[in-house]
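Report on the structure
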Amino acid sequence: MAKRKKKSSNSYSQQIVGLATIGLPAPVQQVAKSKLGSKLLLLLIPILIATGVISVSFSGGLPSITFNKERATAVGRQVTTDAIKAAEKIQQYQDSTYR
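Residues numbered from 1 in each chain as written. Predicted model: local features only at pLDDT ≥ 70, side-chain atom pairs only at ≥ 80, totals over all residues. Heavy atoms only, no water.

Leftover empty space is mapped by rolling, across the atoms, a probe with the size of a water molecule. Put simply, the largest pocket is a space of about 430 Å³. Elements with a minimum of two residues in the lining of the largest pocket: α1 (12-20), α2 (26-32), α3 (35-51) and β1 (54-59). The biggest single contributor to the lining of the largest pocket is α3, with six residues. Looking at side-chain class alone, the lining of the largest pocket contains 15 nonpolar, two polar and no charged residues. (1 Å grid on protein atoms, 1.4 Å probe; cavity = no way out; pocket = protein on both sides within 12 Å on 5 of 7 lines; lining within 4 Å. Points joined across faces, edges and corners; volume = space filled by probe spheres on them. Helix = DSSP H or I, 4+ residues; strand = E, 2+ residues; numbered from the N terminus. Nonpolar A, V, L, I, M, F, W, Y, C, P; charged D, E, K, R; others polar.)

Pasting the structure below:
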């Protein structure tokens, strides 16, 4: 009997991230191509571009990606501040609910 071909267990997001990370070291590729890693990358990359942490420019038809360290620091501080405020609101809500 002929054997059936095994269907690829990689999702589309894993395949896309696999193609996008071709030039990266193998350990980074493995993490990026995992189920969780691929979904996180596909969610985080547009957010980082929108916030200005990563910028993409094209020169000679080739993309060039730059990382803005100062903007990353500013965004990190803002996220930390927002997370602390959200945690305080949750704590206040829980305190008022359980009284």
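We now examine the confidence of the model for the protein. The share of residues in the protein with pLDDT of 70 or more is 91%, and the mean pLDDT across the chain is 87. Per-element confidence in the protein is highest for helix α4 (residues 69-97), whose mean pLDDT is 92, and lowest for α1, whose mean pLDDT is 85. (pLDDT = per-residue confidence, 0-100.)

Right, let's talk about α4 for a bit. For α4, with 29 residues, the first-to-last C-alpha span of 42 Å sits near the 42 Å given by 1.5 Å per residue. N-capping of α4 is provided by Asn 68, with a side-chain oxygen placed 3.2 Å from the backbone N of Glu 70. (Expected span 1.5 Å × (residues − 1). Polar contact = N/O pair within 3.5 Å; in protein donor to acceptor, adjacent residues only side chain to side chain.)

Further remarks concern the environment of Lys 39. By the element assignment, Lys 39 lies in helix α3. For the pair Lys 39 and Ser 13, spaced 26 residues apart in sequence, the C-alpha to C-alpha distance is 6.6 Å.

Turning to a nonpolar patch on the surface, a few remarks are in order. Residues Leu 36, Leu 40, Leu 43, Leu 44 and Ile 47 make up a contiguous nonpolar surface patch of roughly 470 Å² in combined accessible area. Its place among the elements puts Leu 44 in helix α3. Note on Leu 44: relative accessible area 39%, which makes it partly exposed. (Patch = residues over 30% accessible without salt bridge, like charges linked within 9 Å, V, L, I, M, F, W, Y side chains within 5 Å. Areas by Shrake-Rupley, 256 points an atom, 1.4 Å probe, with all protein chains shown as cover. Salt bridge = Lys/Arg side-chain N within 4 Å of Asp/Glu carboxyl O. Buried < 20%, exposed > 50% of the residue type's maximum accessible area, 1.4 Å probe, protein only.)

Turning to the side chain of Gln 29, a few remarks are in order. By the secondary structure assignment, Gln 29 is in helix α2. For Gln 29, a relative accessible area of 18% puts it in the buried group. Beyond its immediate sequence surroundings of up to four residues, Gln 29 is in contact with Thr 21, Ile 22, Gly 23 and Leu 24. (Contact = heavy atoms within 4.5 Å.)

Moving on to the pairing of strand β2 (residues 62-67). Little of β2 is tucked away, with zero of its six residues classed as buried. One ladder, built from six bridges, connects β1 with β2; its direction is antiparallel. Within β2, the residue paired with Ser 57 across the bridge is Ser 64. (Pairing = 2+ DSSP bridges.)

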